[in-house]
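These are the residues of each chain, in order.
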Amino acid sequence: MEIVPTYDRSRLITSAVQNLSAKLVEEFLVVALVCVLFLWHLRSALVAVITLPLGILAAFAVMRYQGLSANLMSLGGVAIAIGAMVDAAVVMIENAHKHLEHWREQSTPKDEADKDPSPAQRWQIIAEAASEVGSALFVSLLVIALSFVPVFALQAQEGRLFAPLAFTKTYAMAAAAALAVTLIQVLMGYLVRGKIRAESANPLNRVLIAAYRPVLEWVLRFSGWIFSLAAAALLLTLIPLAHLGSEFMPPLDEGSLLYMPSALPGLSAGKAAQLLQLSDRMLKSIPEVAHVFGKAGRADSATDPAPLEMFETTITFKPREQWRPGMTMDRLKDELDHAVQIPGLTNLFVPPIRNRIDMLATGIKSPIGIKVYGNDIHELEQLADKVETVAKTISGVSSALAERAGGGRYLDVTIKREAAARYGLSQAELQQLLETAVGGAPIGETVEGRERFPIVVRYPGSERDSVAALRMLPAVTSEGTQLTLEQVADIRLNPGPPMLKSEDGQLVSYVYIDVAGRDLGSVVADLQQAVTQRVKLPPGYSIGWSGQFEYLQRAAQRLRLVVPATLAVIFVLLYLVFRRAAEVAIIMLSLPLALVGGFWLIWLLGHAISIATAVGFIALAGIAAEFGVVMLLYLSQAWDRRRALDPEADEASLDEAIREGAVLRVRPKAMTVAVILAGLLPILLGHGAGSEVMQRIAAPMVGGMITAPLLSMLVIPAAFRVLERRRLRKGPRQ
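Residues numbered from 1 in each chain as written. Predicted model: local features only at pLDDT ≥ 70, side-chain atom pairs only at ≥ 80, totals over all residues. Heavy atoms only, no water.

Colleague: Got a minute to help me understand the overall build of the protein in this structure?
Modeller: A tally of regular secondary structure across the protein gives 28 helices and 15 strands. The C-alpha atoms of the protein give 35 Å as radius of gyration, which overshoots the globular expectation for 734 residues (27 Å, by more than 25%). Judged by the C-alpha coordinates and their principal axes, the protein covers about 135 × 60 × 45 Å. Counting every position in the protein, which comprises 734 residues, the buried fraction comes to 51%. Residue pairs in contact within the protein that sit at least 24 positions apart in sequence constitute 78% of those at least 6 positions apart. Carbon and sulfur atoms make up 60% of the accessible area of the protein, which totals about 34300 Å². For the protein, the distance from the average site of its 69 positive side-chain charges to the average site of its 68 negative ones is 6 Å. (Helix = DSSP H or I, 4+ residues; strand = E, 2+ residues; numbered from the N terminus. Rg over C-alpha atoms; globule rule 2.2 N^0.38 Å. Buried < 20%, exposed > 50% of the residue type's maximum accessible area, 1.4 Å probe, protein only. Contact = heavy atoms within 4.5 Å. Areas by Shrake-Rupley, 256 points an atom, 1.4 Å probe, with all protein chains shown as cover. Lys, Arg positive; Asp, Glu negative; His and termini not counted. Charge placed at Lys NZ, Arg CZ, Asp CG, Glu CD.)

The following block contains the structure:
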């Protein structure tokens, strides 16, 4: 005996987890390298990097307790959090460096040995540096964690899909926040010592300051222009938004395909087997196909109501290294579609896992399903045929097939009561004859070990497998007269519906639509417009839209409710830090500008807006809020120091404070951007199992890392200047 696997999901699961695990290692190393390059101090970089393994271990420990497995989504949450996890540590360490640098500038040592502070002085400096930024950083990390509340609010399939990612990212960020206000401060006291180079000693920092200083001077001179440019950038985002499509989830390359054509009703079992073998041979003609395994009809299960005319063929491919050069999964689907051309079969190639989920949830096997509701089966068939005809004219529809509500063939046996009575036969006796001859009558049971099987007796197949044979079926009267069934009954084949489906108390007919070359949302929009204009529904009939589009609508409606509520909570949290609504309003109103780069990059990459990209934008909004918090913190501290030294400080002093808070703090802001980009680029540029989903999450964040830093370093200083100038003109600040 030989067991031959026909479909094995373990390879996909293993390769996806291994691929993402490798990306985690790459992110870890790149983030560590960035910290060393900016800080120019190995032990200080070690303090920042140690946040990663401890935070990830804490997230894994909670995952273990919660019962979450290491899968594509749970590891993805850790992957997109790595860059943000070290932000707080980076800012605190850089602030400690800056305080140590100021201490050396202000002290007057008698000799070289006195240039290092004493242990007590160093701990005092570290404590002051940490307390200066600690509370704001802790809150900013909480804001990043809170930004994922909308992901937790997702329901049904999308909720189950992204909940592991949201959990692990939240756990990792919570661990990073806890470490930032506890262990990191202690490690800074032990490790941030020795030769601490000045910020100007690092050539990378000198280049950044030299590039940023003239730009900031221009911002201070022409603050109004920067707001106009920001508004223009926001308006220009309408260009990608007008061209971005929408989809529920990006197509995941599962490494195998499911060929699910639909034949016309009334197909015999013998013909179905013949077509199945023919299509299998055609599929196997493609060199990349390792083997195929097909079935027709349904299994002996209530969860598989497939008719005989529905084929399901699992196509397993050879390893990628054995494919022809330049071959991709999309090109492979095109070749398979051209290779299998059988009259009466409408091709449909779908990923197996995606298809099973869709069919269990909605009953639709294609990405888009149109449901026609009504009460008359013949009217439903005509309407579904019209919808199919309209759908085939829409760009992006690769195939459209309406279920045939008619076309089934039924053998009707109508007993001639008067003729049967003349021979002394009752209707019950003739029905018993048909039941025994065709269906079989149980006469006993056989016991085989622990199993029991019924013993059924019926006529041989040659005497019951055709209408002619049934008409000659012998019937014996009580007097011994031998008759044929056609003498006492009319036997004929009549057309009828092959299957009846109902939803919400109404009959329903499905139209299956596959999409290629266009996004799901735009195809559905065109379909809805065309069907509304060209298909007139009689009274009592309606059309519903299902498939993946149904998930997309549900998730979008949910996010419209939860996102504003989450923003309100974040506003309150930020207000607790700044104690003034104006500063918080600057951060909140600037968030749309931070998303500009994400929309442009998604458009340039050819991606569509999906739940995955929505998760990426949610994560980007949290990081952008953190950037705004850090910048406003630096600006406020610099201005407060000026006011403490000179209560009569004027607008010139305000500009000097902005220069101090912005230009002299280029390094921490550049480091936070660099570590986040370093953590995301391996995901965006990577390939392999599961990369399609993770790239959609990373793309908005990478694009936002271009506009969000510009926002925090240009727009927020300009807004802070305008706000404080108004306060100066009104009088002393309270």
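Colleague: Looking at this structure, how should I read helix H13 (residues 269-284)?
Modeller: Every α-helix carries 3.6 residues per turn, so stepping three or four residues along brings you back to the same face. Counted at 1.5 Å a residue, the expected span for H13 with its 16 residues is 22 Å, and the 23 Å between its end C-alpha atoms agrees. What H13 keeps buried is the set Ala272, Leu275, Leu276, Ser279, Asp280 and Leu283. Axial view of H13: buried residues confined to an arc of 140°, hence all on one face. H13 presents Gly270 and Arg281 as exposed residues on the side facing more than 90 degrees away from its buried surface. Looking at the buried positions of H13, the neighbouring elements they touch are strand S1 (256-259), strand S2 (289-296), strand S3 (311-317), helix H14 (329-339) and strand S4 (349-350). (Expected span 1.5 Å × (residues − 1). Arc of directions from axis to C-beta.)

Colleague: I'm lost on the environment of Tyr423 in this one. Help?
Modeller: Within the secondary structure, Tyr423 is located in the loop between helix H17 (417-422) and helix H18 (427-439). When the C-alpha positions of Tyr423 and Gln482 are compared, they lie 9.9 Å apart, and in sequence the two are 59 residues distant. Leave out the neighbours within four places in its chain, and Tyr423 touches Thr477, Leu483, Gln487 and Val488.

Colleague: I tried to follow the confidence of the model for the protein on my own but got confused; where do I start?
Modeller: Reading fine detail from the predicted coordinates is not recommended where pLDDT is low. Confidence in the prediction for the protein averages 78 pLDDT; 91% of positions are at 70 or higher. Confidence drops under pLDDT 50 across residues 110-114; counting only partners more than four residues distant or on other chains, this segment forms 2 contacts. (pLDDT = per-residue confidence, 0-100.)

Colleague: Whenever I open this one, the environment of Gly344 confuses me. Can you help?
Modeller: Structurally, Gly344 can be placed in the loop between H14 and S4. Each residue touching Gly344, except ones within four places of it in the same chain, is listed here: Ser262, Ala263 and Leu264.

Colleague: It is not clear to me how the pairing of S1 should be interpreted in this structure. Could you clarify?
Modeller: Each regular strand displays side chains that alternate between the two surfaces of the sheet. What you see with S1 is no split at all: Ser256 and Leu258 on one side and Leu257 and Tyr259 on the other are buried throughout. The pairing of S1 with S3 spans 4 bridges and is antiparallel. Note on S3: the bridge partner recorded for Leu258 is Thr314. Bridge analysis of S1 against S4 gives 2 bridges, and the strand direction is antiparallel. Looking across to S4, one finds that Leu258 is bridged to Val350. (Pairing = 2+ DSSP bridges.)

Colleague: How should a nonpolar patch on the surface be read in this particular structure?
Modeller: On the surface, Trp218, Phe222, Trp225 and Leu229 cluster together into a nonpolar patch covering about 420 Å² of accessible area. You can see Trp218 is positioned in helix H10 (residues 203-221). Assessed through its relative accessible area of 34%, Trp218 is described here as partly exposed. (Patch = residues over 30% accessible without salt bridge, like charges linked within 9 Å, V, L, I, M, F, W, Y side chains within 5 Å. Salt bridge = Lys/Arg side-chain N within 4 Å of Asp/Glu carboxyl O.)

Colleague: I'm lost on the packing of helix H2 (residues 42-49) against helix H3 (residues 51-66) in this one. Help?
Modeller: Geometrically, a packed helix pair is captured by the angle between its two axes and the distance between the axes. Between H2 and H3, whose axes approach to 5 Å, the crossing angle comes to 15°. By the criterion of interaxial angle, the relationship of H2 to H3 is roughly parallel. Note on element contacts: H3 touches H2 through Thr51, Leu52 and Pro53, opposite Val47, Ala48 and Val49. Residue classes in the contact of H2 with H3 are distributed as 5 nonpolar, 1 polar and no charged. (Axes fitted to C-alpha atoms, helices over the stretch in contact; angles between N-to-C directions. Parallel < 35°, antiparallel > 145°, perpendicular 65-115°, else oblique. Nonpolar A, V, L, I, M, F, W, Y, C, P; charged D, E, K, R; others polar.)

Colleague: Where do I start with the nonpolar core in this structure?
Modeller: The nonpolar side chains of a soluble globular protein tend to be buried, and buried together. Counting residues in each nonpolar core, the largest one holds 142 residues, and the members touching the most others are Ile80, Phe148, Phe162, Met188, Tyr212 and Ile697. By residue number, the principal contributor to this core is helix H25 (residues 611-645), which donates 21 residues. Discounting residues that sit within four places of it in the chain, Ile697 has contacts with Ile80, Phe162, Leu165, Ala612, Val615 and Gly616. Counting 27 residues, the second largest nonpolar core, distinct from the first, contains Val390, Leu520, Leu527 and Tyr541. (Core = buried A, V, L, I, M, F, W, Y, C linked by side-chain atoms within 4.5 Å.)

Colleague: Just checking my understanding: could you explain the sheet that holds S3 for this structure?
Modeller: Think of a sheet as strands paired side by side through backbone hydrogen bonds, with each pair either parallel or antiparallel. Ordered by their spatial adjacency, 4 strands build an open sheet running S2-S3-S1-S4, and the pairing between neighbours is antiparallel. Of all strands in the sheet, those with a lone pairing partner are S2 and S4, marking the two edges. Where S2 and S3 come together, 7 bridges link them in antiparallel fashion. Paired with Ala296 across the strands is Phe311, a residue of S3. The sheet contacts of H13 involve S1, S2, S3 and S4, and relative to S2 the element is tilted by about 165°. Packed on one face of the sheet, H14 meets S1, S2, S3 and S4 and runs near 135° to S3.

Colleague: When you look at the pattern of salt bridges in this model, what are you seeing that I'm missing?
Modeller: Where charged atoms from two side chains of opposite charge approach closely, those side chains can pair. With the rule as written, the count across this model stands at 6 salt bridges. Across the pair Glu335 and Arg324 runs a salt bridge whose closest N-O atoms are separated by 2.7 Å. Of this pair, Glu335 sits in helix H14 while Arg324 sits in the loop between S3 and H14, and the two are 11 residues apart along the sequence. Among the residues examined, Glu335 registers a relative accessible area of 24% and is labelled partly exposed. The shortest N-O distance in the salt bridge between Glu388 and Lys392 comes to 2.9 Å. Its relative accessible area of 8% is what places Glu388 among the buried residues. Look at the salt bridges and you will find they share partners, linking Glu217, Glu656 and Arg659 into a network.

Colleague: Mind showing me how you'd approach the side chain of Asp280 here?
Modeller: Inspection of the secondary structure puts Asp280 in helix H13. Within the buried set, Asp280 has no salt-bridge partner at all; the shortest N-O distance to an opposite charge, 8.1 Å, is to Arg281. Those residues within four positions of Asp280 in sequence are excluded, and the remaining contacts are Val292, Gly294 and Thr313.

Colleague: Just to check I follow, could you spell out helix H16 (residues 377-391) for this structure?
Modeller: With 15 residues, H16 should reach 21 Å at 1.5 Å per residue; the first-to-last C-alpha distance of 21 Å fits that figure. Those residues of H16 that sit buried are Ile377, Leu380, Glu381, Leu383, Ala384, Val387, Glu388, Val390 and Ala391. The inward-facing, buried residues of H16 abut strand S5 (368-374), strand S6 (397-402), strand S14 (506-515), helix H21 (520-534) and strand S15 (542-547). The N-capping residue of H16, defined by a side-chain oxygen 3.2 Å from the backbone nitrogen of His378, is Asp376. (Polar contact = N/O pair within 3.5 Å; in protein donor to acceptor, adjacent residues only side chain to side chain.)

Colleague: For this particular structure, what's the right way to read the environment of Arg721?
Modeller: Here Arg721 is to be found in helix H28 (residues 691-730). Not counting chain neighbours up to four residues away, the residues in contact with Arg721 comprise Leu220, Ser223, Leu654, Asp655 and Ile658.

Colleague: What's the story with the pairing of S5 in this structure? I'm lost.
Modeller: For S5, the buried fraction is high: 7 of the 7 residues fall into the buried class. Residues of S5 alternate between two faces, with Ile368, Ile370, Val372 and Gly374 on one and Gly369, Lys371 and Tyr373 on the opposite face, all of them buried. Where S5 meets S14, 7 bridges bridge the pair, whose relative direction is antiparallel. In the strand pairing of S14, Ile368 is matched with Ile513. Where S5 meets S15, 6 bridges bridge the pair, whose relative direction is antiparallel.

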